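Listed below, chain by chain, are the residues.
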2 protein chains.
Amino acid sequence: MNCLLLPSAAFIDSRATITAAAQLMHIREVLKAGVGETLKVGMLGGKLGTGVIETISERAVHLSDVTLTHVPPPKLDITVVLALPRPKVLRRLIMDMTALGVRDIVLVNSYRTEKSYWQSPQLARIDEFVLEGLQQGVDTVLPRIHMHKRFKPFVEDVLPDLMTRQGIVAHPYAKRSLAQYIQSTASQADLLPDVLCIGAEGGWIDYEVALLTAHGCTALHMGARILRTEAAVNALLGQWLLHQNP
Amino acid sequence: MNCLLLPSAAFIDSRATITAAAQLMHIREVLKAGVGETLKVGMLGGKLGTGVIETISERAVHLSDVTLTHVPPPKLDITVVLALPRPKVLRRLIMDMTALGVRDIVLVNSYRTEKSYWQSPQLARIDEFVLEGLQQGVDTVLPRIHMHKRFKPFVEDVLPDLMTRQGIVAHPYAKRSLAQYIQSTASQADLLPDVLCIGAEGGWIDYEVALLTAHGCTALHMGARILRTEAAVNALLGQWLLHQNP
């Protein structure tokens, strides 16, 4: 946690109260902060700033002299369409995409998404993972999360409206590389694709790549190396971070 | 595993034998492959290719018709200097850096590296993590792993010799951004920095950044957002992947 995010109701005048167990534990065990010390805080959906610890108890930390002056960093102008991955990796993927500033996250079914993934209790915890990502990335604005359990209707009916510029599909077996694509068409931030489709473990099957490309996406590889979904997401989004947050 | 890597001694003429438990389990439970099916294999330090399953037993899979024809992808021309992280994240970091093709990995002490990390049994398992990374990234060539338990002597005596071009230190509080730096000096692959220093959780302290910059590194940030070490490593190395594996 590089900042502690609190709901707006936690702030009254220049005071704030922290009661969430994870945040209390972070103050106690990681920051080891005591009365009089300054914490980085933020209001969910609002600004970032600091507060001074006034009292600490088992159940609450009270802050005084709270000032929220910084606007959060801008979101990346991108929608990531992610084939729903194994529940175990979902947490880190949501955290990382949120910390990196992805504006819209679409979780979609795919051939290699096992049906049980949609029943996982982890799916109900996405809000937690988002909060972790915001507190990691020092942001206050929630990304929008969308879920589509049916791939074909999503690609045919929803995807085209998400794309105002270009869409790309990450596919290790594509003929063209992202590097060539960026050099030729997207060296400027406002020309970078605004939809990025990433498969889960095992990637997209040919039918899925064909349907995505038939609806406006370009299939691109990142070289001969095949990366874990998490590594691929971060390696790809690093391009947007560099171009859009210079 | 996107390929199964075997030591050279496992190959005899056009046959090969797989006996490692993790690989046998992968064939059985993930690939669910049977006699007559073709597997992607590679020789550690050698070439990549295929083999056909001839027999399967509890203890071994025998392959026939083994042909190794593909050279592995080139390594990225980069040394990553990483502050030794928590053992829990070490595995994924080593895997990802290996899959991405980092040529040299230096694990170094830092102020925020707890002493216990150097005693972790995970450190003795680095070879396993490297093998996982090679099998993920479809490569056969081991990265070189170096360990330096003392930060100052490493930076003063070893680091300058690792740098033939430029070094950079990832530091969220640096004045200059990586985007500006790449635009101004390193748009060509052969001008990209060849040393990249990345802190563990909490990053480098000011003294460490100062010592690194005094010995030839430039401190750069990637925008206002602070990323987990794993996310930062992948987001950063994505630049090298794109520039050096076009």
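Reading the values: the criteria
Per chain, residue numbering runs from 1 following the sequence as it is written. Just so you know, chain letters begin at A and ligand numbers begin at 1, following the order they were written in. Two thresholds apply to this predicted model, a pLDDT of at least 70 for residue-level local features and 80 or more for giving and counting side-chain atom pairs, whereas whole-chain, interface and lining totals are computed over all residues. Side-chain calculation: all heavy atoms of the structure are included, whereas hydrogens and water are not. Criterion for a disulfide: a pair of cysteine sulfur atoms within 2.5 Å. Two strands are counted as paired when DSSP detects at least two bridges linking them. Put simply, DSSP H or I for four residues or longer makes a helix, DSSP E for two residues or longer makes a strand, and each gets a number counted from the N terminus. In this analysis, two residues are considered to be in contact whenever any of their non-hydrogen atoms come within 4.5 Å of each other. Between the N-to-C directions of two axes lies an angle of 0 to 180 degrees, each axis being a line fitted to C-alpha atoms and, for a helix, fitted only over the stretch in contact. When describing relative orientation, an angle under 35 degrees is termed roughly parallel and one over 145 degrees roughly antiparallel, while 65 to 115 degrees is termed roughly perpendicular and anything else oblique. Handedness of each helix crossing follows the sense of rotation of the near helix against the far helix: counterclockwise by less than a right angle gives left-handed, clockwise gives right-handed. For this classification, Asp, Glu, Lys and Arg are treated as charged, while Ala, Val, Leu, Ile, Met, Phe, Trp, Tyr, Cys and Pro are nonpolar and the rest, including Gly, are polar. What counts as buried area is the accessible surface, traced by a 1.4 Å probe, that two parts surrender upon association, with contributions from both included. One speaks of a salt bridge when a side-chain nitrogen belonging to Lys or Arg is within 4 Å of a carboxyl oxygen belonging to Asp or Glu. For the purposes of these results, a polar contact is taken to be a pair of N or O atoms within 3.5 Å, where, inside protein, one atom must be able to donate a hydrogen and its partner to accept one; residues adjacent in sequence count only when each atom of the pair is a side-chain atom. Domain segmentation is taken from an automatic or database assignment of domains. In a helix, the anticipated span is given by 1.5 Å times the number of residues less one. Buried, partly exposed and exposed residues are distinguished by accessible area as a fraction of the type maximum, computed with a 1.4 Å probe on protein chains only: under 20%, between the cut-offs, and over 50%, respectively. Only residues with pLDDT of at least 70 in both copies contribute their C-alpha atoms to the least-squares superposition of the copies. Here, the term nonpolar core denotes a set of buried Ala, Val, Leu, Ile, Met, Phe, Trp, Tyr and Cys residues that are joined through side-chain atoms within 4.5 Å. What counts as a ring pair is set by centres within 6.5 Å for rings of Phe, Tyr and Trp (its six-membered ring), and what kind of pair is set by the plane angle: stacked under 30 degrees, edge-to-face over 60, tilted for all other angles.

1. Description of the state of the cysteines
- One pass over the full model with this rule turns up zero disulfides over all chains.
- Free of any disulfide, C197 of chain B has its nearest cysteine sulfur in C217 of chain B, 4.1 Å distant.

2. Notes on the sheet that holds strand β6 (residues 61-70) of chain A
All names here are of chain A.
- Pairing is mixed across the open sheet formed by six strands, whose spatial order is β1-β4-β5-β6-β3-β2. A strand with exactly one partner marks an edge of an open sheet, and here the two such strands are β1 (4-6) and β2 (11-12).
- Bridge analysis of strand β5 (residues 48-56) against β6 gives seven bridges, and the strand direction is antiparallel. Bridge assignment links I53 to a residue of β6, and that residue is L63.
- Of the strands in this sheet, β1, β3 (15-18), β4 (38-43), β5 and β6 touch helix α1 (residues 21-30), which is tilted by about 150° from β1.

3. Considering the packing of helix α2 (residues 87-100) of chain B against helix α3 (residues 126-137) of chain B
All names here are of chain B.
- Relative to each other, α2 and α3 sit at 45°, their axes nearing to 7 Å. By the angle between their axes, α2 is oblique relative to α3. In terms of crossing hand, the pair formed by α2 and α3 is right-handed. In this structure, α2 uses L90, R91, I94, M95, T98 and A99 to contact α3, whose residues at the interface are I126, F129, V130, E132, G133, L134, Q136 and G137.
- Taken together, the residues of the contact of α2 with α3 break down into eight nonpolar, four polar and two charged.

4. Details of the interface of chain A and chain B
- Across the contact, 39 residues belong to chain A and 39 residues belong to chain B.
- A buried area of about 3100 Å², summed over both sides, lies between chain A and chain B, and 55% of it is on carbon and sulfur atoms.
- Looking only at chain A, the three residues that lose the most surface to chain B are R225, R228 and L242 of chain A, adding up to 26% of its buried area.
- The interface formed by chain A and chain B contains four salt bridges.
- The salt bridge involving D139 of chain A is made with R225 of chain B; its shortest N-O contact spans 3.1 Å.
- Counting every contact that joins chain A to chain B gives 14 residue pairs in polar contact (both at pLDDT 80 or more).
- Elements supplying a minimum of two residues to the side of chain A that touches chain B: α2 (87-100), α3 (126-137), α5 (178-185) and α7 (229-244) of chain A.
- In terms of residue count, α7 of chain A provides more of the side of chain A that touches chain B than any other element does, eight residues in total.
- Tallied by class, the residues present in the side of chain A that touches chain B amount to 19 nonpolar, twelve polar and eight charged.

5. Let's talk about the domain arrangement of chain A
All names here are of chain A.
- Taken as a whole, chain A is organised into domain 1 (4-70) and domain 2 (76-244).
- Centre-to-centre separation of domain 1 and domain 2, based on C-alpha positions: 33 Å.
- Each side of the interface is counted separately: domain 1 has nine residues, and domain 2 has seven residues.
- Around 570 Å² of area is buried between domain 1 and domain 2 when both sides are counted, 67% of it from carbon and sulfur atoms.
- Counting the surface domain 1 buries against domain 2, the share from its top three residues, L5, L44 and L48, is 66%.
- Seen at the junction of domain 1 and domain 2, the total is zero salt bridges.
- At the surface where domain 1 touches domain 2, the tally comes to four residue pairs in polar contact (both at pLDDT 80 or more).

6. Focus on α3 of chain B
Residue and element names in this part refer to chain B.
- Compared with the 16 Å implied by 1.5 Å per residue over twelve residues, the 16 Å span of α3 between its first and last C-alpha is a close match.
- Taken together, the buried positions of α3 are I126, F129, V130, G133, L134, Q135, Q136 and G137.
- On its buried side, α3 packs onto β1 (4-6), α1 (21-30), α2, β8 (102-108) and β9 (144-148).
- Just downstream of α3 lies V138, where phi reads positive at about 60°.

7. Overview of the relation of the copies chain A and chain B
- Superposing chain A onto chain B takes a rotation of 180° combined with a translation of 0.0 Å along the rotation axis, leaving an RMSD of 0.0 Å. The relationship between the two copies is best expressed as a two-fold rotation axis. Minimal C-alpha distance to the rotation axis in chain A is attained by A235 of chain A, lying at 2.1 Å.
- By residue overlap, the copies meet face to face through one surface: 100% of the interface positions of chain A are interface positions in chain B.

8. Considerations on the nonpolar core
- Ranked by internal contacts, the top residues of the largest apolar core, which has 94 residues, are M97 of chain A together with M97 of chain B.
- Residues within four places of M97 of chain B in sequence aside, it is in contact with V80, L82, V102, I105, V233 and L237 of chain B.

9. A closer look at the side chain of S110 of chain A
Residue and element names in this part refer to chain A.
- Structurally, S110 is set in the loop between β8 (102-108) and α3.
- On the accessibility criterion, S110 (5% relative accessible area) is buried.
- Among the polar contacts listed, one links the side chain of S110 to the side chain of T113, at a separation of 3.0 Å.

10. Description of the environment of C197 of chain A
All names here are of chain A.
- In this structure, C197 sits in strand β12 (residues 195-198).
- The exposure class assigned to C197 is buried, which follows from its relative accessible area of 0%.
- Sequence separation between C197 and V81 is 116 residues, and the spatial gap between their C-alpha atoms is 4.5 Å.

11. Digging into the environment of D194 of chain A
All names here are of chain A.
- Turning to its location among the elements, D194 is positioned in the loop between α5 and β12.
- Not counting chain neighbours up to four residues away, the residues in contact with D194 comprise D77, I78, T79, L162, M163, T164, R165 and Q166.
- Only 2.6 Å separates the side chain of D194 from the side chain of T164, close enough to count as a polar contact.

12. Brief notes about the packing of aromatic side chains
All names here are of chain A.
- Per the stated rule, a full pass over the model turns up two aromatic pairs over all chains.
- Relative to W204, the ring of F151 has its centre 5.8 Å away and its plane inclined at 40°; by these criteria the two rings are tilted. A residue pair is termed long-range when its members are at least 10 positions apart, and F151 in helix α4 (residues 151-162) and W204 in the loop between β12 and α6 (206-214) qualify at 53 residues.

13. Some details on the pairing of β6 of chain A
Residue and element names in this part refer to chain A.
- Inspection of the sheet shows β3 paired to β6 by three bridges, in the antiparallel sense. Its bridge partner lying in β6, T17 is registered against H62.
- Between the antiparallel neighbours β5 and β6 lie four residues.

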